[in-house]
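Each chain, written out:
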Amino acid sequence: MEWQPDEQGLQQVLQLLKDSQSPNTVTQRAVQQKLEQLNQFPDFNNYLIFVLTRLKTEDEPTRSLSGLILKNNVKAHYQNFPSTVADFIKQECLNNIGDPSPLIRATIGILITTIASKGELQTWPELLPQLCNLLNSEDYNTCEGSFGALQKICEDSSELLDSDALNRPLNIMIPKFLQFFKHCSPKIRSHAIACVNQFIIGRAQALMDNIDTFIESLFALAADEDSEVRKNVCRALVMLLEVRIDRLIPHMHSIIQYMLQRTQDPDENVALEACEFWLTLAEQPICKEVLSGHLVQLIPILVNGMKYSEIDIILLKGDVEEDEAVPDSDQDIKPRFHKSRTVTLQHEGGEGEEGEDIDDEDDDDDDDTLSDWNLRKCSAAALDVLANVFRDELLPHLLPLLKGLLFHPDWVIKESGILVLGAIAEGCMQGMVPYLPELIPHLIQCLCDKKALVRSIACWTLSRYAHWVVSQPPDSYLKPLMTELLKRILDGNKRVQEAACSAFATLEEEACTELVPYLSFILDTLVFAFGKYQHKNLLILYDAIGTLADSVGHHLNQPEYIQKLMPPLIAKWNELKDEDKDLFPLLECLSSVATALQSGFLPYCEPVYQRCVTLVQKTLAQAMMYNQHPDQYEAPDKDFMIVALDLLSGLAEGLGGHVEQLVARSNIMTLLFQCMQDTMPEVRQSSFALLGDLTKACFLHVKPCIAEFMPILGLNLNPEFISVCNNATWAIGEISMQMGAEMQPYVSMALPSLVEIINRPNTPKTLLENTAITIGRLGYVCPQEVAPQLQQFIRPWCTSLRNIRDNEEKDSAFRGICVMIGVNPAGVVQDFIFFCDAVASWVNPKDDLRDMFYKILHGFKEQVGEENWQQFSEQFPPLLKERLSACYGV
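Residues numbered from 1 in each chain as written. Predicted model: local features only at pLDDT ≥ 70, side-chain atom pairs only at ≥ 80, totals over all residues. Heavy atoms only, no water.

Student: Can you lay out the overall build of the protein for me, pointing to particular residues and giving the numbers?
Tutor: What the protein contains, in helices and strands, is 51 helices and 0 strands. Structurally, the protein occupies a C-alpha span of about 100 × 70 × 65 Å along its principal axes. Within the protein, the fraction of its 890 residues that count as buried is 57%. Contacts in the protein between residues at least 24 apart in sequence constitute 75% of all its contacts with a sequence separation of at least 6. Counting every atom, the protein has about 38900 Å² of accessible surface; 52% of that belongs to carbon and sulfur. (Helix = DSSP H or I, 4+ residues; strand = E, 2+ residues; numbered from the N terminus. Buried < 20%, exposed > 50% of the residue type's maximum accessible area, 1.4 Å probe, protein only. Contact = heavy atoms within 4.5 Å. Areas by Shrake-Rupley, 256 points an atom, 1.4 Å probe, with all protein chains shown as cover.)

Student: Hey, could you go over helix α34 (residues 602-628) for me, with residue numbers and the actual values?
Tutor: Taking 1.5 Å per residue as the helical rise, α34 with its 27 residues ought to reach 39 Å, and the 40 Å between its terminal C-alpha atoms agrees with that figure. If you check which residues of α34 are buried, you get Tyr-604, Cys-605, Val-608, Tyr-609, Arg-611, Cys-612, Val-613, Leu-615, Val-616, Thr-619, Leu-620 and Ala-623. Turning to α34, the residues buried within the fold contact α32 (559-575), α33 (583-597), α35 (639-655), α36 (660-664) and α37 (668-675). (Expected span 1.5 Å × (residues − 1).)

Student: I'd like to hear about the nonpolar core, residue by residue, with values.
Tutor: Ranked by size, the top nonpolar core spans 319 residues in total, and within it Phe-214, Trp-278, Phe-601 and Trp-797 carry the most contacts. At 11 residues, the largest contribution of residues to this core is made by α35. When near neighbours in sequence (up to four residues on either side) are disregarded, Phe-214 contacts Leu-178, Phe-181, Val-196, Asn-197, Ile-200, Leu-207, Ala-236 and Leu-240. (Core = buried A, V, L, I, M, F, W, Y, C linked by side-chain atoms within 4.5 Å.)

Student: Give me the lowdown on the confidence of the model for the protein, citing residues and values where you can.
Tutor: For the protein, per-residue confidence averages 91 on the pLDDT scale, and 96% of positions sit at 70 or higher. Across residues 349-370, confidence stays below pLDDT 50; counting only partners more than four residues off in sequence or on other chains, it has 47 contacts. (pLDDT = per-residue confidence, 0-100.)

Student: Any details on the packing of helix α30 (residues 519-532) against α32? Residues and values, ideally.
Tutor: α32 packs onto α30 with a crossing angle of 20° between their chain directions and a minimal axis gap of 10 Å. Looking at the two axes, α30 sits roughly parallel to α32. Here α30 and α32 pass one another in a crossing that is left-handed. Contact residues: Leu-519, Ser-520, Leu-523, Asp-524, Val-527 and Phe-530 in α30; Glu-560, Tyr-561, Lys-564, Leu-565, Pro-568, Leu-569 and Lys-572 in α32. (Axes fitted to C-alpha atoms, helices over the stretch in contact; angles between N-to-C directions. Parallel < 35°, antiparallel > 145°, perpendicular 65-115°, else oblique. Left-handed = near helix turned anticlockwise from the far one by under 90°.)

Student: Account for the pattern of salt bridges, naming residues and giving values.
Tutor: Under the criterion given, the structure shown has 45 salt bridges. One salt bridge in this structure joins Glu-2 and Arg-54, with 3.0 Å as the shortest N-O distance. Here Arg-54 lies in the loop between α3 (44-53) and α4 (60-77) and Glu-2 lies in the segment before α1 (7-19), a separation of 52 residues in the sequence. A single salt-bridge network, built from bridges that share partners, covers Arg-455, Glu-484, Lys-487, Arg-488 and Asp-491. (Salt bridge = Lys/Arg side-chain N within 4 Å of Asp/Glu carboxyl O.)

Student: Please provide a residue-by-residue account of helix α14 (residues 227-243), values included.
Tutor: For α14, built from 17 residues, the straight-helix expectation of 24 Å at 1.5 Å per residue is met to within 8% by its first-to-last C-alpha distance of 25 Å. Among the 17 residues of α14, 13 are classified as buried, and the element is accordingly described as predominantly covered. One side-chain oxygen at the N-terminal end of α14 lies 3.0 Å from the backbone nitrogen of Glu-228; it belongs to Asp-226. (Polar contact = N/O pair within 3.5 Å; in protein donor to acceptor, adjacent residues only side chain to side chain.)

Student: Got a sec to walk through a negative patch on the surface? Specific residues and values, please.
Tutor: Taken together, the side chains of Glu-509, Glu-510, Asp-543 and Asp-550 present a region of like negative charge at the surface. Secondary-structure assignment places Glu-510 in helix α29 (residues 494-511). (Patch = residues over 30% accessible without salt bridge, like charges linked within 9 Å, V, L, I, M, F, W, Y side chains within 5 Å. Lys, Arg positive; Asp, Glu negative; His and termini not counted. Charge placed at Lys NZ, Arg CZ, Asp CG, Glu CD.)

Student: Give a description of a nonpolar patch on the surface that names residues and reports values.
Tutor: A contiguous nonpolar surface patch, about 330 Å² in accessible area, is contributed by Ile-311, Ile-314 and Leu-315. For Ile-314, the position within the fold is in helix α20 (residues 310-315).

Student: Explain the packing of helix α21 (residues 375-390) against helix α23 (residues 411-423) residue by residue, including any values.
Tutor: Between α21 and α23, the shortest axis-to-axis distance is 9 Å and the interhelical angle comes to 35°. Viewed along their axes, α21 and α23 form a crossing whose handedness is right-handed. Seen from α21, the contacting residues are Arg-376, Ala-380, Leu-383 and Asp-384; seen from α23, they are Glu-415, Leu-419, Val-420 and Ala-423. In the contact of α21 with α23, the residues fall into 5 nonpolar, no polar and 3 charged. (Nonpolar A, V, L, I, M, F, W, Y, C, P; charged D, E, K, R; others polar.)

Student: Help me get a handle on unusual backbone geometry, residues and values and all.
Tutor: At Gln-598, a position not held by glycine, the phi torsion is positive, near 50°. Looking at where Gln-598 falls in the secondary structure, it is placed in the loop between α33 and α34. Unusually for a residue other than glycine, Asn-762 sits at a positive phi of about 65°. Of the residues examined, Asn-762 reaches a relative accessible area of 78% and is grouped as exposed.

Written out as structure tokens, the structure reads:
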């Protein structure tokens, strides 16, 4: 007997479906309760499928809704459906996949793929064969409905379909899909390509076996009149470029010609898919060779795509010039991510480098409030990566265009020209230099344009050339640029304020102490902005102030500057509650300010210190409650604790010995002991940074805890977590220098891991350097324990420290190596040339360290005898030979 609904039950379900379409929240709540009650009845789901597939008298939205509620039930508790119910639902889906309504067909398709992804592809063996069979139906609706369902299954279960679990159905499905590329209906052609596209990136074997047929079929559809088909063809070619470029190379010339056309497609969605092709091609080694002949066509197309579309301008309120008084809505504000503290060293030729493990943020997103990817962004990104591939060879195709754009009377075109100039800044910098003396003043003028969108893009583009601006005499460009940018920070338009603040932060990073003469003027502007900005831009303003402090350092420590800057910051600090996420950027900013002001921060340090300790304590307490009763408490947001630990590090670093009284009056060491054992790596990372800073600032409070702390530090020397390992390593080095010979019982907890890390291939540079420093420091205080291992680490030790600037850390590490060579001279013999090279990397070592080097070099020379030394030093590169003979007379 087939299941039949009970009339009264059916009316109840229909009433529920009607109610659930009501906007009233009270009704909505009642609907939720009713749903939960009805879910107790096993055949409630039969009613839902019945309304979807059989009740043709009802309106389509109601029937579709019934199917979507059923889909949610399948998602939540399909495993509890009685088998009779499950079978009825499956049967109804397959019997009605050809419903005349596109909405109902699509809903049934969603339902099928939801059941299939619940592990049912294995237990519903007739599903795929039946859907593939239905593709042959003469009835368009049945064919389209089945294809729609298959496309969803291919999207959701592509890996499973290409596995042995199902006996490799793709061997039948892919050739079948390929036949439909020639179907008379565009909708069906489009489904067919979309289905096959799901298997390109995973390199499904069945597709690889038919790859040439697939590519020929794609070429046959190149000029299809349907835009959805063209979009799927472009998408396929972009993916094939990544995984099977070998099959495309013979046709590359015509593919490029085709993509040039499609990038100008009247349908923006097609143009966007095609534009991705250039982004992907730029990453391929053959890019230069296959594309150079086409640049003359491609460049104007990309440049043309960089104009704002009419719809962009409407969405961006491009005609609204002043909106600074309009409050921000919460969704305007993107979540921010706090970058935890990582300890790095200073390098030759520049400030501390970005470590490889610490991601560089991408700054290429000029209009990120339209955060959906569009043709303008894709074209700009493509031009940027191509500029990095072709470098100055791009310019002959660009410069003639640029002139016309940058001085164009139509602001939309002028704006796109400024974006072009910014996009090529990184790749074509060398070739642009001769034009910059003329272009930079023009861009500075554009900062005063009457259109806000022109002013904001000019900020971004100028920031991309900040490095060059700073390299010129300051009066030529830096001063006029800074003057205008500061005016833009006080612009009446919020987007311009944001762009100016970000650009100014970039300029600060490049200019560093060049900004010192203008500090008073800069601070007046930034402080004035405090009273003017809405919520979102305030967060960017904190960043600009923090970056300023990082850039000018102790020059900020002047009473008049402190008087300007601190009152508004402290006022904000007092205004924010402990639960407010706006504390993150403010704490980061204060951390930079405290480090820069040093003793100048003393009057403000007590409340700031106390609050940080409270934030850590609150978060730890909440985490404990949550771990004990996860059903009753919420998990804490540990970012509060991480940012607080980092600000405490900033205080310890800035205040040095002055932090001692604060530490004495708090339970920070107990809290630190818990943080160092937290499950979240970023918490441990920041704890170890703070431990190192406290060790330097007030070791008397750290020393009683060493016996408990050292085993935890030893456990965290795990290079799987690079930044945690890096900071733990650095802290052990700082502790060694304070402990001296008393470090002896702890050497064995750290040394084996450190030696292993320094010998690991592919260890990031920052971690290698810190590891080498700490091994050297351990050897300095406990030579008897470390020296026997010398041979195990001396070579990588020397190579990792040769590029570090002369500084305290390098000094103590090299003293350690010299002391260890004294204990175990045999350990260095085989790798002595590396030691010579490392010694030569010093510019001016302290006198007593120079003596140590002198003794070791001459001792070795005497040991081997003049003749052997001559042979040995023949292997030296000329520069090394010169330095050693000039500095040490060997």
